[in-house]
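Structural description and commentary
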Amino acid sequence: MNRDELGNIMTVRTKPATIVVAKSNGHRDDVGQSKMEPHMGLEFDTAEEAQEFYSSYATEVGFKIRIGQLYRSRVDGAVISRRFVCSKEGFQTNSRTGCPAFIRVQKVDSGKWVLANIKKEHNHDFEASGELCPPRIQRKTIPTPRSSSAGGASRTGIRSHEDDSPTGVVDMKRLKKEEMDGMVGPVAEPQKGLEFNTANEAYKFYYTYAASAGFRIRIGQLFRSKHDGSITSRRFVCSKEGHQHPSRVGCGAYMRIQRQESGRWVVDRLQKEHNHEFETPTDLSRTVTVASKGDYREEGSNMLENLDLVETNGGLSLVKRVSESNISSAWYTLLLEYFQSRQAEDTGFFYAVETREGKAMNVFWADSRSRFSCTQFGDAIVFDTTHRRGSYSVPLASFVGVNHHRQPVLLGCALVADESEESFTWIFQAWLRAMSGHRPISMIADQEHTIQHSIAQVFPGTHHRFSAWQILAKEQENLGPLLSMYADFRYDYETCVFQSQTANEFDSAWDMLMDKYNLRDHSWFRDMYRMRKSWVPFYLKGTFFAGIPVDGSLKSYFGTILTAQTPSSEFIVRYEKALEQRREEERKEDFNTFNLQAVLHTKDPIEEQCRRLYTITMFKVFQKELLECYSYVGMKINVEGAISRYMVQKCGNSEERKTVAFNASNLNINCSCKMFEFEGVLCRHALKVLQIMNIRELPSRYVLHRWSKNAKYGILRDADSAGGPQDFKALMLWSLREEARNYIEAGAASLERYKLAFEIMQEGRRNLCWQN
């Protein structure tokens, strides 16, 4: 469409569920029932308006859409382009056919969004026009775009059929007000038999009802088809349902929707009675205020407009359309004051605050001790977002590592403003800056796609492992029906997941599982197989995770002292209390390591060597493996040059056997159990082969510096024990800085100590100057 044709479009008329385009030639398609066709050059105020326009067009034609790819500026990371695609784009589910239809809108210098690319052809049949219209209970007006035209053409207007005045033209701001007026009017009571087009619409309806009544809701249980695993039913429950934390009182109120053969959703079960008092009903009209220029601006959290219920990983998730911070403004004031006071005391204290469109969002901070700890214990970290499991007053996330005593060590904290990919990416980038670019080998974090994508972007090469609690929750949700239907399913599933020793073994067992229980079309199983390297033990054991069990997790750093329900007035005090408590526990283990000695149980010189090097905790781990190796036998099975392979098995148990490869030329040793790769300590199978080969001392590379007594203090035997050159330089820098900080504190205690400390420092500097 050229500029002249754009100039022919004069007005856009609307009546319920129809969009009509009037042209200057006076003709209208289908006598007032035509669709407004998307075309190059259409202009919108926001990307959301473009989405709603394309959705309206799709409804009229007979297809559905979803949000596609976004593109960001390389300068400031802002979103500059968005794609909205046919719901049948791609091949991730059986219902998708790889449809190429889409529109792409581009943000221009004026701040408007212009339709830049379009593909109208579909490769599938359309649904009957009108079947996709909103449910009767929704009173929503469809936003309409403007067409840009040459020669200063007037903006496209919208005229209601109910307004027959000669002018009769209003802009999008009026429509927005009418839409909000519809929302804040009388709210319908939920009742059995109400129909909706989607689960999203049902959620919005129940949310509106709850807000007007004085309670809140959340997403409850889902139910799946036994045949294809698709979602057939959903429950939306009162926020006080259950007893998982003190704010919940076991309220039984809920609304359940059931999917019909037509694809629509019907309320089939309803419980209106609550066992608690209601809050003051929410006034939804407060979310729209009149600005000084007379236009309408959204403020606060208009949940009905800013939330979507989308299907992810086989379930429904609540996703925000626009950036809104979960952190109240009081938190920013509180934390900034704390950060400034800490920075005055600790010159290595780091903090950062993200801003979007002038609004504070995510917050990250780490003190010098955490930054120093990362140089030694930042190889395997846990991104702990426990607050996401339930309601919270503070969305606290923490980066936690494992120290040389196998204790949790804090590597930084963040407040998460929202759960978008943009937020997690910013938090990970802030952590990376604070830690001088030190990337972890492995990271344990939740399974959500937003977190997965952010880790892949900020930490390329880092092995992302899913949180054990989330895997367990997903298994309970998706395996429940199968466990009740098939007695052998649990055994077959656990054998496949936990007993597979090779990739081929896992693939064969998985294929058998899918065929035996007819699960090929089950979306959750398809997704989990695609992501198998992030949760199946066989794929995890070849990566260093500091020994954090595959079926477990690291002990919470803050414990019960600081939780997601901690009020802002107590946050700083509790945070510092937890920090001091953990660091005191570490000091006690440091004292024990340097002042106590573990008992030897053999005369093997390797045991004495490791007692001298390891912390007490890690020596006990090694000693257990050493003692166990005496109950194993090893048999040489082949020799290839300098490499000999052994079959090591437990006496009297032929099923427990591993393969060990030993290179006599460089003393390299590898075991198929992968304990050293996963935990950093040699296993019983490797130790048995070293005994057979009469090796009396472990090579230094098999006693990791991070597990040694001197790990915390940066006393290194050689550069190799600290990792690569970059890690070695960072370790030296932070070791000296931490030691200097302690030296200054001790030297400033009195005038006499100051004089002595100053003389020692001058003497030390003179000695350094004489070194080459």
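See the structure above.
Here's a quick rundown of the structure. Computed from a prediction, not measured in an experiment: that's the story for all the values here.

What counts and what doesn't
Residues numbered from 1 in each chain as written. Predicted model: local features only at pLDDT ≥ 70, side-chain atom pairs only at ≥ 80, totals over all residues. Heavy atoms only, no water. Helix = DSSP H or I, 4+ residues; strand = E, 2+ residues; numbered from the N terminus. Buried < 20%, exposed > 50% of the residue type's maximum accessible area, 1.4 Å probe, protein only. Contact = heavy atoms within 4.5 Å. Areas by Shrake-Rupley, 256 points an atom, 1.4 Å probe, with all protein chains shown as cover. Pairing = 2+ DSSP bridges. Axes fitted to C-alpha atoms, helices over the stretch in contact; angles between N-to-C directions. Expected span 1.5 Å × (residues − 1). Core = buried A, V, L, I, M, F, W, Y, C linked by side-chain atoms within 4.5 Å. Phe/Tyr/Trp six-rings, centres within 6.5 Å; stacked < 30°, edge-to-face > 60°. Patch = residues over 30% accessible without salt bridge, like charges linked within 9 Å, V, L, I, M, F, W, Y side chains within 5 Å. Salt bridge = Lys/Arg side-chain N within 4 Å of Asp/Glu carboxyl O. 1 Å grid on protein atoms, 1.4 Å probe; cavity = no way out; pocket = protein on both sides within 12 Å on 5 of 7 lines; lining within 4 Å. Points joined across faces, edges and corners; volume = space filled by probe spheres on them. Nonpolar A, V, L, I, M, F, W, Y, C, P; charged D, E, K, R; others polar. Left-handed = near helix turned anticlockwise from the far one by under 90°.

For the rest of this paragraph, the subject is the overall build of the protein. Per the secondary structure count, the protein includes 21 helices and 29 strands. Across the 772 residues in the protein, those meeting the buried criterion constitute 46%. The contacts in the protein between residues at least 6 apart in sequence include a share of 56% that link residues at least 24 apart. Of the roughly 39300 Å² of accessible surface on the protein, a fraction of 50% belongs to carbon and sulfur atoms.

If you walk across this open sheet you meet the four strands as β26-β27-β28-β29, and the pairing is antiparallel. Strands at the two margins of the open sheet, each flanked by one partner only, are β26 (632–640) and β29 (668–671). Going from strand to strand, the sheet's axes swing by 25° on average, the running direction of each strand aside. Where strand β27 (residues 643–650) meets strand β28 (residues 653–663), eight bridges bridge the pair, whose relative direction is antiparallel. Along β28, the bridge assignment pairs R645 with A661.

We now examine helix α2 (residues 47–61). Over its 15 residues, α2 extends 21 Å from the first C-alpha to the last, a length consistent with the 21 Å expected when each residue adds 1.5 Å. Within α2, 13 of the 15 residues are buried, leaving the element largely enclosed by the surrounding structure. Following α2 by one or two positions, G62 has its phi on the positive side, about 120°.

Right, let's talk about the sheet that holds strand β22 (residues 396–402) for a bit. The sheet built from seven strands is open, its strands ordered β19-β20-β23-β22-β21-β24-β25 with mixed pairing. Strand pairing shows two members of the sheet lacking a second neighbour, β19 (350–356) and β25 (463–466), which therefore form its edges. Geometrically, the sheet is characterised by an average inter-axis angle of 20° between neighbouring strands, direction not taken into account. Of the pairings in the sheet, the one linking strand β21 (residues 380–384) to β22 comprises three bridges and is antiparallel in character. Counted as the bridge partner of F383 is F399 from β22. Most of the contacts of helix α8 (residues 421–434) go to β19, to which it runs at about 150°, and overall it touches β19, β20 (359–366), β21, β22, β23 (408–415) and β24 (442–445).

In this structure, Y614, F622, I669, L682 and L698 are the most contacted members of the largest nonpolar core, which totals 43 residues. Only β21, α16 (605–613), α17 (616–628), β27, β28, β29, α18 (675–679) and α19 (684–692) provide two or more residues apiece to this core. In terms of residues, this core owes the most to one element, α17, which gives five residues. Not counting chain neighbours up to four residues away, the residues in contact with F622 comprise I606, E607, C610, Y614, V681, L687 and L698. If you look at the next biggest cluster of nonpolar residues, it comprises 30 residues, including A352, A414, A430 and M443.

Take the packing of aromatic side chains next. Applying the stated criterion across every chain, the model contains 49 aromatic pairs. Between F676 and Y702, the ring centres sit 5.1 Å apart and the planes meet at 70°, which makes this aromatic pair edge-to-face. With a gap of 26 residues between them, F676 in helix α18 and Y702 in the loop between α19 and α20 (725–747) connect regions that are remote in the sequence. The burial state of F676 is the same as that of Y702; both residues are buried. Following the ring pairs from residue to residue traces out a cluster consisting of Y486, F489, Y493, F506, W510, Y517, W524, F525, Y529, W535, F538 and Y539.

Our focus in this paragraph is the environment of Y71. Of note, Y71 is situated in strand β4 (residues 65–72). By relative accessible area, which is 31% here, Y71 ends up partly exposed. In this structure the C-alpha to C-alpha distance between Y71 and S81, which are 10 residues apart in sequence, comes to 5.1 Å. When neighbours within four sequence positions are excluded, Y71 is seen to be in contact with A78, V79, I80, S81, R83 and R104.

On to a nonpolar patch on the surface, then. Together, Y743, I744, L751, Y754, L756, F758, I760 and M761 make up a nonpolar patch on the protein surface, roughly 810 Å² of accessible area in all. When contributions to the nonpolar patch are tallied by element, the ones reaching two or more residues are α20 and α21 (751–769). Per-element accounting of the nonpolar patch gives the leading share, six residues, to α21. With respect to the helices and strands, the residue L756 is situated in helix α21.

This part covers unusual backbone geometry. Residues other than glycine seldom take positive phi values, yet S436 does so here, at roughly 55°. Within the fold, S436 resides in the loop between α8 and β24. Exposure remark for S436: the relative accessible area of 41% places this residue in the partly exposed category. Of note, the phi angle at N518 is positive, near 55°, even though the residue is not glycine. Looking at where N518 falls in the secondary structure, it is placed in the loop between α12 (503–516) and α13 (523–530). Exposure remark for N518: the relative accessible area of 58% places this residue in the exposed category.

Applying the stated criterion to the full structure yields five cavities of 30 Å³ or more. Estimates place the volume of the largest cavity at around 80 Å³. Of all the secondary-structure elements, those providing two or more residues to the lining of the largest cavity are α7 (368–377), β23 and α15 (568–595). With four residues, the single largest contributor to the lining of the largest cavity is α15. Across the lining of the largest cavity, the residue classes break down as four nonpolar, three polar and five charged.

On to the packing of α8 against helix α9 (residues 449–458). Here α8 crosses α9 at 35°, and the two axes come no closer than 8 Å. The element α8 and its partner α9 pack so that their crossing is right-handed. Between α8 and α9, the residues in contact are E421, F424, T425, F428, Q429 and L432 and T450, I451, H453, S454, I455, Q457 and V458, respectively. For the contact of α8 with α9, the residue count by class is six nonpolar, six polar and one charged.

As paired strands, β26 and β27 are joined by eight bridges and run antiparallel to one another. Along β27, the bridge assignment pairs G634 with V648. Here β26 folds back onto β27, and the loop between the two strands holds two residues, one of which, G641, carries a positive phi near 65°. Hairpin connection, β27 to β28: the antiparallel pair is bridged by two residues, and G652 has positive phi, about 80°.

Summed over all chains, the structure comprises 34 salt bridges. The partner of K112 in a salt bridge is D45, and the shortest N-O contact between them spans 2.7 Å. Taken as a pair, K112 in the loop between β6 (102–107) and β7 (113–119) and D45 in the loop between β3 (42–44) and α2 lie far apart in primary sequence, 67 residues in all. Of the residues examined, K112 reaches a relative accessible area of 26% and is grouped as partly exposed. We note a salt bridge from D515 to R520, for which the minimum N-O separation is 2.9 Å. Three or more residues joined by partner-sharing salt bridges are found here, namely R342, E345, D346, D367, E576 and R583.

By themselves, these observations are geometric and do not establish any function.
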